[in-house]
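Residue-level listing of the chains:
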Amino acid sequence: MTDTHHHHGTNGHHTNGHAHGHIHPTAEKHEITTASRTSLDSHRYVANTEDSKMPDTMPNHSKMAAEEIARMSPEEYAELERRVLRKMDLRLIPWMTLLYLLSFIDRVNVGAAKLVGLTTDLHLTSLQYSNASMIFFVSYVAFEVPSNLVLKKLRPSRWIPFTMICWAIFQTTMGLVTTYGQLLALRFCLGLFESGLFPGLNFYLTGWYRRDELNRRVSVFFSGAVLSGAFGDGLSKMDGIGGKAGWAWIFIIEGLLTFVVAVASFWMIHDWPDTAKFLSPIEREMVLVRLKQEQGLAAEGGFNWRVIKKALVDWKTYCLMLMYIGAAEPLYSLFTPTIIAYLGKFTVSQSLLLSTPPYVLMFITTIGTAFASDRFQRRGFFLMGWSLVGAIGYLLLLTIPIRYPGALYAAVFIASAAVGPLIATTISWTGNTFGNHYKKAVAMGLVFSLGNSGGIVSSQAYRNKDAPRFLPGHATALAFCLLNFSMAVLLYIGVKRENKRRDDKYGPAPRPDEVFEFEDPEYQARWGLQGMSRKEIVELGDDHPAFRYIL
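Only a predicted model underlies this, so the values are computations on that prediction, with no experimental measurement involved. (Residues numbered from 1 in each chain as written. Predicted model: local features only at pLDDT ≥ 70, side-chain atom pairs only at ≥ 80, totals over all residues. Heavy atoms only, no water.)

A. Expanded view of a nonpolar patch on the surface. Together, Ile169, Phe259, Val263, Trp267 and Met268 give the surface a local cluster of nonpolar side chains, amounting to about 490 Å² of exposed area. Topologically, Phe259 is positioned in helix α10 (residues 246-268). On the accessibility criterion, Phe259 (35% relative accessible area) is partly exposed. (Patch = residues over 30% accessible without salt bridge, like charges linked within 9 Å, V, L, I, M, F, W, Y side chains within 5 Å. Areas by Shrake-Rupley, 256 points an atom, 1.4 Å probe, with all protein chains shown as cover. Salt bridge = Lys/Arg side-chain N within 4 Å of Asp/Glu carboxyl O. Helix = DSSP H or I, 4+ residues; strand = E, 2+ residues; numbered from the N terminus. Buried < 20%, exposed > 50% of the residue type's maximum accessible area, 1.4 Å probe, protein only.)

Take a look at the structure:
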């Protein structure tokens, strides 16, 4: 455990001979004289700002742990890193997957209820059913951005379970409705409280994982939910128990299940790495060191309207919003066992069963793409490829005559295989693109808001009167796949050009193991930041000349 393998540079940062980029958080502190004591603060891995609840704003809580990390050999460092990642994966991802699975089931179970008599019992017209399906997304879309900002202010272990308990109550009471108006009101409230979960979980994970590790994790919990498509059937068998129809039991049982999990979440959700009970002090420090290495300035900074305005005026925000709705609208279109019900003389149970294999294929392609996309550090090419595959799937659904149900069923597989990876990869690219934490919170909220409006579009595009071909619905989904493709091309070209411009003007981006004084004149001159305060430099986020976009 000696300290000999590091040599210190003289120009305000220390270099390090090891390729893995392991940083010395404390080594240089010993060389700093009392004269420069004022700038010691910027040596800390983590900024000490007012906002103490945040992962990016810890006080310098564990100098000893940082020093211990600094003394490690590269091998010990890599071993600790592996151990920490394994612990995080086991503690965070399975529970997140469960939460998202429940939200997904609670959102789409109105489709399963429709097949087992919801519309006949409540005397709903086709338009009324579409509206009940759609109204969920209206409140869902409206409250995504506010919820992300609240999550940033409150503790995740309080906010996420609170919203879940609320939506579980609305979900359960949906089993007691007797009129169209009641159903409409409850679907609206369900959307209101579910809106925080998916953007919240994605945002939450950026406080734990590095950018290149995110896609795999997002994809796991997203595709876990995709598999939920396989489970809608069993509960409707309770038809008649307690004088309730099968569709009512679908709502009641799933609502109660969500309620139980929500209460458990108060104990199961860990806030941020600095307070995680399942990590030792040195492991907590390790998580922060890794995030800091990778995000650098990105993680610091406070909340202000300038940062929000930056998210609103950035063209990339709108590009990603269109890209996400291009992926989300086909997703909401596809998962209708209804389509399959029209392919042949199938019972409700059979059409629900037949909709399972496409989900399974989608699960496989989503996970596979995520690993490849993280491995090669590429997002754009995967989106371009899959969006074209999705377009082909919908084109086949449009053109194959109804007398070939087997071929139409195969087209459902092609479309399914493409849509899953589109969603997960677009989300990861969004998280990768914005530097400043608050800018990212706003941008991700906006991207999810527009994307989930895809639910509104598809609930209006697939109309009962278009059965059994659903041509307007398929044509709409085809157009949205092409929208995703064109936006991916646009963003890829745009950020690639910007990366090149920064390379040409400022030279290559700093290596992960370079640590700078923000106040150092040489550092400011190198990146053209003369005369800027530390706060202004932090606020640059992805506009900082040293930031490079993932393509």
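There is more to say after this.
B. Quick look at the environment of Gly420. Positionally, Gly420 belongs in helix α18 (residues 405-433). Not counting chain neighbours up to four residues away, the residues in contact with Gly420 comprise Phe222, Met362 and Thr366. (Contact = heavy atoms within 4.5 Å.)

C. Looking closely at unusual backbone geometry. The residue Gln377 is not glycine, and still its phi comes out positive at about 55°. Its place among the elements puts Gln377 in the loop between α16 (356-376) and α17 (380-399). Judged by its relative accessible area of 27%, Gln377 is partly exposed.

D. Here's a closer look at helix α12 (residues 305-313). Among the residues of α12, Val307, Ile308 and Ala311 are the ones counted as buried. Each buried residue of α12 lies within a common arc of 100° when the element is viewed along its axis, so the set occupies one face. In this structure, α12 carries Trp305, Arg306, Lys309 and Val313 as exposed residues pointing more than 90 degrees from its buried face. (Arc of directions from axis to C-beta.)

E. Structural context of helix α8 (residues 197-205). Here α8 lies mainly inside the structure; nine of its nine residues are buried. Those residues of α8 that sit buried are Leu197, Phe198, Pro199, Gly200, Leu201, Asn202, Phe203, Tyr204 and Leu205.

F. Region of the structure containing the pattern of salt bridges. In the structure shown here, the tally under the stated rule is 14 salt bridges. Here Arg501 and Glu498 are joined by a salt bridge, their closest N and O atoms 2.9 Å apart. Pair noted here: Arg501 and Glu498 are both in helix α20 (residues 471-506), with a separation of three residues, about one helical turn. Here Arg548 and Asp503 are joined by a salt bridge, their closest N and O atoms 2.7 Å apart. In this pair, Arg548 is assigned in the segment after α22 (534-540) and Asp503 in helix α20, connecting sequence segments 45 residues apart.

Bear in mind that shape data such as this cannot, by itself, settle questions of function.
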